[in-house]
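Report on the structure
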Amino acid sequence: MIINVRGGSGAGKSTVIRAIMALYGNRVPFYVTGRKQPLWYDLGDNVSQVPLLRVLGHYEVECGGCDTISRNPTDDTETAMDFIHRLIRESHAQGIHVLYEGVILTTVNTHLLKMVEDGLPIHVVNLTTDLETCLMGISDRRLRKDKALGSTVAEVRATLGETTVDNNRSKLRSAFKTAHQLQVKGASVYNCDREQAVIKVKELLKL
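Structure report, in brief.

About the cut-offs
Residues numbered from 1 in each chain as written. Predicted model: local features only at pLDDT ≥ 70, side-chain atom pairs only at ≥ 80, totals over all residues. Heavy atoms only, no water. Helix = DSSP H or I, 4+ residues; strand = E, 2+ residues; numbered from the N terminus. Contact = heavy atoms within 4.5 Å. Core = buried A, V, L, I, M, F, W, Y, C linked by side-chain atoms within 4.5 Å. Buried < 20%, exposed > 50% of the residue type's maximum accessible area, 1.4 Å probe, protein only. Phe/Tyr/Trp six-rings, centres within 6.5 Å; stacked < 30°, edge-to-face > 60°. Lys NZ or Arg CZ within 6 Å of the ring centre and 35° of its normal. Pairing = 2+ DSSP bridges. Axes fitted to C-alpha atoms, helices over the stretch in contact; angles between N-to-C directions.

1. Regarding the environment of Phe83
Following the sequence through the fold, Phe83 ends up in helix 2 (residues 80-93). Between the C-alpha atom of Phe83 and that of Asn72, which follows or precedes it by 11 residues, the distance is 6.0 Å. Excluding its chain neighbours within four sequence positions, the residues that come into contact with Phe83 are Leu39, Ile69, Arg71, Asn72, Pro73 and Glu78.

Okay, here's the thing in structure tokens:
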């Protein structure tokens, strides 16, 4: 199956993915020429009862996932979106479950809609994290990243600016709009908070 975790910046997508990855004892990073970080991780094995799972993008930094795939490292003529969704289709064809997320995907639904139309088993876990919590998450992340700020989360939050607020508000609306479109097309959609999202993914993967 193919599981897409959706939500705006700071909604907790990477947190959900990391929680699932932590359940697997075996994690094999996959590297390609032209890219320093893993392109994906393969979790599980053919021996244990744990299902094989491929997590796209890398999680060597706080914000991971498909946001870390900006291009095809071996073919500049292929767009990032085409490359990511080709990887998803190829992984599924190999009989491997796919789990992925990324803010860059919240506003792009063409590929995902096509996969639904083609009959692929798409499951969308849509995070219901509210805007204020997302913004606080962004602030907290910036504070941890740049210790030189020397500010509290609330103070950093105050410096985000209306552009960041408006952009994230737009991303949240887009995530829900896309989830609805996918559901109409036949995808399985689950609206969850972070904790419920982890439980739902575990349930789907039978972990």
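2. Side note on the nonpolar core
The biggest cluster of nonpolar side chains holds 26 residues, and the ones touching the most others in it are Ile3, Ile20, Leu53, Val55, Leu99 and Val125. When residues of this core are traced back to their parent elements, those giving at least two are strand 1 (2-6), helix 1 (13-21), strand 3 (40-43), strand 4 (53-56), strand 6 (122-127), strand 7 (188-192) and helix 7 (194-205). The greatest single-element share of this core, amounting to 5 residues, is contributed by helix 7. Apart from residues no more than four positions distant in its own chain, Val55 is found in contact with Ile17, Met21, Trp40, Tyr41, Leu43 and Leu99. Of all hydrophobic cores here, the second largest spans 25 residues; its members include Trp40, Ile88, Leu112 and Val124.

3. Describing the packing of aromatic side chains
Under the criterion given, the structure shown has 2 aromatic pairs. Centroid distance Phe30 to Trp40: 4.1 Å. Interplanar angle 5°. Geometry classified as stacked. Of this pair, Phe30 sits in strand 2 (residues 27-30) while Trp40 sits in strand 3; the two residues are 10 residues apart in sequence, bridging distant segments of the chain. Owing to a relative accessible area of 9%, Trp40 belongs among the buried residues under this scheme. Ring centres 6.5 Å apart and planes at 40° place the aromatic pair Tyr41 and Tyr59 in the tilted group. Linking Tyr41 in strand 3 with Tyr59 in the loop between strand 4 and helix 2, this pair joins segments that are 18 residues apart in sequence. Judged on exposure class, the residue Tyr41 and its partner Tyr59 are both buried. Lying across the ring of Tyr41, Arg27 places its NZ or CZ 5.8 Å from the centre.

4. What about the sheet that holds strand 6?
Read across the sheet, 7 strands follow the order 2-3-4-5-1-6-7 without closing on themselves; strand pairing throughout is mixed. In the strand order of this sheet, the two ends are held by strand 2 and strand 7, each with one partner. The mean inter-strand angle of the sheet, taken between neighbouring strand axes irrespective of direction, is 20°. Bridge count for strand 1 against strand 6 is 5 bridges, and the pairing is parallel. Residue pairing for strand 6: Val5 is matched across the bridge by Val125. Sheet strands touched by helix 7: strand 1, strand 4, strand 5 (97-101), strand 6 and strand 7. Its angle to strand 7, the strand with the most contacts, is close to 150°.

Nothing here speaks to function; it is geometry throughout.
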